[in-house]
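# Secondary and tertiary structure notes
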Amino acid sequence: MTNGEVALLGIRHHGPGSARAVAAALAQWQPDAVLIEGPVEADAVVHLAAEKDLVPPVALLAHAVDDPAKAAFWPYAEFSPEWVAIRHAVDHDLPVRFIDLPAGYGFAPFTDADADDHAADGAGPDELPADPLALLAEAAGHDDPERWWEDVVEHRAPGADALAPFAAVAEAMGALRAEGLGESRRDQLREAHMRQQIRAARRAGHRRIAVVCGAFHVPALETMPTVAHDRALLAGLPKKVRVDITWIPWTHRRLSQATGYGAGVQSPGWYHHLFTAVGDPVPRWLTRAAELLRAEDHPVSSAHVIEAVRLAETLAVLRGRPLAGLTETLDAVRAVLCEGSDVALELVRERLVVGDALGEVPDAAPAVPLQRDLARLQRSLRLKPAAAPRDLDLDLRKDTDAARSRLLHRLRLLGVDWGVPARSSVNSTGTFRESWRLCWQPEFAVRIAEAAQWGTTVEEAAVNKAVGTARAAVELAELTGLVETCLLAGLSGALPAVMRVLADCAALDTDVAHLAGALPALVRALRYGDVRGTEHGALAGAAAGLAERVCVGLPPACVGLDAESAAAMRARIDEVHGAIALLDPAPSGTGTDTGTDTGGLADRWAAALRSLARREPTAGPATGAPGLLRGRAVRLLLDDGRLDSEEASRRLRLVLSVANAPADAAGWVEGFLTGGGALLLHDPRLLALLDEWLGGVSGEVFTDVLPLLRRTFAGLEAGVRTTIGGRVAAGPLGAAPAAPEAAGELDPHRADAAVPVLAVLLGVGPKIPRQRAGRNT
């Protein structure tokens, strides 16, 4: 409404009907200045709205200079009334000012009960203590405020007097506030500041001032109290925090979220269509829905669209609505275009009702140096941020893909998870391939501002962050994981400092479980270092040292463990076994349990496993290693060829004897069979021993060991379980199954060609040269 020289345009934030009404009111009123609800610091960047590269949805981002984690956003879409007002001002070369409280007050500490009202929650525009629209809708006899607002505002075309709707809204809000819809202390302070800014615009000589603000505030701006009154209100504000403000890209999907940094707009894609569509919006929107469904192989024709339009309009008439709204349109989509399928309807909701629109900001927008370096890298590596998730497969043998990988790993180290590792869509077992799922989120702008404390470039910031994280780390596994990240990210500048901290921590840590948990990450880092061409001499030495200490300390560390600790240690033993196989791939010792192996790392690990396998309890469970770990040690030795099947059968026979506790024996069997039960089929003696032991277990004991045995056999391959059941049901066990008939006469030349490969696989022959072994070895 108008008040002398001021037109108060009370709006609903992010409402397309309000946006159209504001455009019509500004065209009619022709103000000489435009004032907008928003932080006054935004005056410094509002001129960028005239740039063609500033494309909504965008948001004003304000963050504390000394603590960038304290941030707030004011998002604007093309259908936001504030954005319409900004564009009107810059297009007509009018002064445009923001009149809300400075954002710096929102980040300042409060010492009284006002703290809750002033805390920066990142929501941007005001959130009211109660929803005035819901109260108005209830007074009008509607139970859905969204549908009521659509009917009375969004579907209403501007009339001859473009200011009349704002007068009606102001009158309704005045009645609500008069009835006791209490404004908060924060509202009072904000409104006092807005009034001060209106007075300042008048003093500057402006005679036709348009004020665009939330409708709830209009009654407080109509009646201007004295200047002294407002100054007294504002005197209690704390000292402002210094802030930086800029424009950042926003997304429709983020607008649709009601928590965090969202705006609570449930259907931004639909609102965008309502605001931009010329003529009747429903047929055009249903046409877009049909195009989307056809692109996803749903059989939708033009006849479907025609029937859907008729159904939506009929539903609107039956429900007493002036036009078909989103509810009627979606009902028509489900019934006609999707043929009742909620799956297809959800696709329409995601793509069209919400949408994946991502705004753009010009290079002239203020940004920290780190953000500018990231933008440069995104351009040079052709990695454009997008709100819609997409998969990216990288071949690390290519320079560009390797650089992309380093950038994504560096950003993850800085807390910017633009890319998340994903399962590859290409069948490959090589270490030269990486797969990522990319999805840009607007709040990454805050994390980049936070990370700017570490450096002005992505590489420098990642190096400094890695060193700082290493110095603050307390767990050995955290440090080894950090080393792996440094290699993946190509941070050679951080590795020496991180390795020094790792060496100091490893020297002081005597917990074998910690050492065992840290070793696999170091070995993976060595493997990745090979494919990336990274220098890792110090890393190899650290890994070998950790492995030596694990070999020495493993057997005594396994004594007296409870069931939960034993399960965790078994998983670590498996990981260490695989890591040592990569560190020392050619073991020098094989054979039976006749002595202690000496020589390479693999031999010392085998000796540790043999020592563990012998640590049977002698006077209760606390005097020996759990059966789960002893059985696992025997299985690993058997798989590596360091125990033969005769020795494995002997050990199983001893464990299953009546002298051992059944629960310990069941644990031994679980450790022995975990990872594959096919050996029970290849060596019938093992299956016969197990069957004989089960047959002799008493009823009470069988009830105790049954859960362990069920878990063990449930982990076996389905085909193995079926075959074992068939053999047990067929009769007595112990005899080897009949050998299959020969398929044909042996071709000695073809057999000789396979001998070198088999020798390498069995670990008894020289390595195959790299060019023969293939690209992935």
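Preceding this section is the structure that the text describes.
Overview of the structure. (Residues numbered from 1 in each chain as written. Predicted model: local features only at pLDDT ≥ 70, side-chain atom pairs only at ≥ 80, totals over all residues. Heavy atoms only, no water.)

## Observations concerning the sheet that holds strand β9 (residues 390–395)
The line we're drawing: At least two DSSP bridges between two strands are required for those strands to pair. The numbering of helices and of strands both runs from the N terminus, where a helix is a DSSP run of H or I of at least 4 residues and a strand a run of E of at least 2. Note on method: axes are straight lines fitted to C-alpha atoms, helices fitted across the in-contact stretch only, with angles between N-to-C directions ranging 0 to 180 degrees. It only takes one pair of heavy atoms within 4.5 Å for two residues to be counted as in contact.
The antiparallel open sheet is built from three strands, whose spatial order is β9-β11-β10. Edge positions in the sheet fall to β9 and β10 (419–421), since each has one partner strand and no second. Here the strands of the sheet are splayed against their neighbours by 35° on average, with no regard to which way each runs. Bridging between β9 and strand β11 (residues 433–438) involves six bridges; their strand directions are antiparallel. Each bridged residue has a counterpart across the sheet, and for arginine 390 the counterpart in β11 is leucine 438. Relative to β9, helix α18 (residues 399–413) is tilted by about 125°, and along the sheet it contacts β9, β10 and β11.

## Remarks on helix α10 (residues 227–234)
We apply this condition: The rule is simple: take the accessible area with a 1.4 Å probe, protein chains only, and divide by the maximum for that residue type; under 20% is buried, over 50% is exposed, in between is partly exposed. What the arc measures is the spread of directions leading from the helix axis to the C-beta atoms.
If you check which residues of α10 are buried, you get Asp230, Leu233 and Leu234. In a view along the axis of α10, the buried residues occupy a sector of 90°, so they form one face of it. Of the exposed residues in α10, the ones pointing more than 90 degrees away from its buried face are Ala228, Arg231 and Ala232. In this structure, the buried side of α10 is in contact with α8 (185–203).

## Topic: the packing of aromatic side chains
What counts here: Classification of ring pairs uses Phe, Tyr and Trp, with its six-membered ring standing for Trp, and accepts pairs whose centres are within 6.5 Å; under 30 degrees between planes counts as stacked, over 60 as edge-to-face, and the remaining range as tilted. Only Lys NZ and Arg CZ are tested; either one counts as a charge over a ring when it is within 6 Å of the ring centre and within 35 degrees of the ring normal.
Evaluation of the coordinates by the stated rule reveals eight aromatic pairs. Ring centres of phenylalanine 73 and tryptophan 250 lie 4.9 Å apart, and the angle between their planes is 45°; on these two criteria the pair is classed as tilted. Placement of the pair is phenylalanine 73 in strand β5 (residues 71–76) and tryptophan 250 in the loop between β8 (243–249) and α11 (252–255), with a sequence separation of 177 residues. Judged on exposure class, the residue phenylalanine 73 and its partner tryptophan 250 are both buried. Judged by centre distance (5.5 Å) and plane angle (85°), the ring pair of tryptophan 418 and tryptophan 440 falls under edge-to-face. Of this pair, tryptophan 418 sits in the loop between α18 and β10 while tryptophan 440 sits in the loop between β11 and α19 (444–451), and the two are 22 residues apart along the sequence. The buried category is assigned to tryptophan 418, whose relative accessible area is 1%. Here the aromatic cluster, defined as three or more aromatic residues joined through ring pairs, consists of Tyr76, Trp83 and Trp247. For the cation-ring pair, arginine 208 lies above tryptophan 29, with the distance from its terminal atom to the ring centre recorded as 3.9 Å. One cation-aromatic arrangement involves lysine 240 over tyrosine 105; the distance from NZ or CZ to the ring centre is 6.0 Å.

## A word on the pairing of strand β2 (residues 6–11)
Burial analysis of β2 places six of its six residues in the buried class, which makes it a mostly covered element. Of the two faces of β2, the one lined by Val6, Leu8 and Gly10 and the one lined by Ala7, Leu9 and Ile11 are each fully buried.

## Regarding a nonpolar patch on the surface
For clarity, the cut-off: Residues forming no salt bridge and having over 30% relative accessible area are the ones grouped into patches, like charges within 9 Å of each other and nonpolar side chains (Val, Leu, Ile, Met, Phe, Trp, Tyr) within 5 Å. Here the open area of atoms and residues is found with the Shrake-Rupley method and a 1.4 Å probe, where only the protein chains shown may cover a residue. The rule for a salt bridge is simple: a side-chain nitrogen of Lys or Arg has to be within 4 Å of a carboxyl oxygen of Asp or Glu.
Together, Val757, Leu758, Leu761 and Leu762 make up a nonpolar patch on the protein surface, roughly 430 Å² of accessible area in all. Along the polypeptide, leucine 762 turns up in helix α34 (residues 748–762). We classify leucine 762 as exposed; its relative accessible area is 66%.

## Let's talk about a negative patch on the surface
Using the following cut-off: His residues and chain termini do not enter the charge count, which takes Lys and Arg as positive and Asp and Glu as negative. We put the charge of a Lys on NZ, of an Arg on CZ, of an Asp on CG and of a Glu on CD.
Taken together, Glu51, Asp53, Glu360 and Asp363 make up a surface patch of like negative charges. Within the fold, glutamate 51 resides in the loop between β3 (33–39) and β4 (58–64).

## A few points about the pairing of β11
Pairing between β10 and β11: three bridges, direction antiparallel. From the neighbouring strand, proline 421 faces β11, where its bridge partner is tryptophan 436.

## Notes on the sheet that holds β8
Read from one edge of the open sheet, three strands run β5-β4-β8, paired in antiparallel fashion. Single-partner strands in this sheet number two, and they are β5 and β8. Each strand of the sheet is rotated relative to its neighbour by a mean of 20°, with strand direction disregarded. Alignment of β4 against β5, held across six bridges, turns out to be antiparallel. What sits directly across from leucine 61, in β5, is phenylalanine 73. Contacting β4, β5 and β8, α19 runs over the sheet at an angle of about 30° to β4.

## Quick word on the environment of alanine 494
Position of alanine 494 among the secondary structure elements: in the loop between α21 (476–488) and α22 (495–508). Residue alanine 494 is classed as buried on the basis of its relative accessible area, which comes to 0%. For alanine 494, the residues in contact, after removing those within four places along its chain, are Val463, Ala466, Val467 and Cys486.

## Topic: the nonpolar core
Definition in use: We define a nonpolar core as any set of buried Ala, Val, Leu, Ile, Met, Phe, Trp, Tyr and Cys residues linked to one another through side-chain atoms lying within 4.5 Å.
Counting residues in each nonpolar core, the largest one holds 84 residues, and the members touching the most others are Leu519, Ile573 and Trp605. The element contributing the most residues to this core is helix α23 (residues 512–532), with eight residues. Of all hydrophobic cores here, the second largest spans 43 residues; its members include Val34, Val46, Ala64 and Trp74.

## Quick notes on unusual backbone geometry
Proline 57 follows proline 56 through a cis peptide bond whose omega is 5°. Looking at the secondary structure, you find proline 57 in the loop between β3 and β4. A positive phi angle is found at glutamate 339, which is not glycine, with a value near 55°. Glutamate 339 gets classed as exposed once you look at its relative accessible area, which sits at 59%. Residue arginine 382 is not a glycine yet carries a positive backbone phi of 55°. By the element assignment, arginine 382 lies in the loop between α17 (369–380) and β9. Overall, the relative accessible area of 58% leaves arginine 382 in the exposed class.

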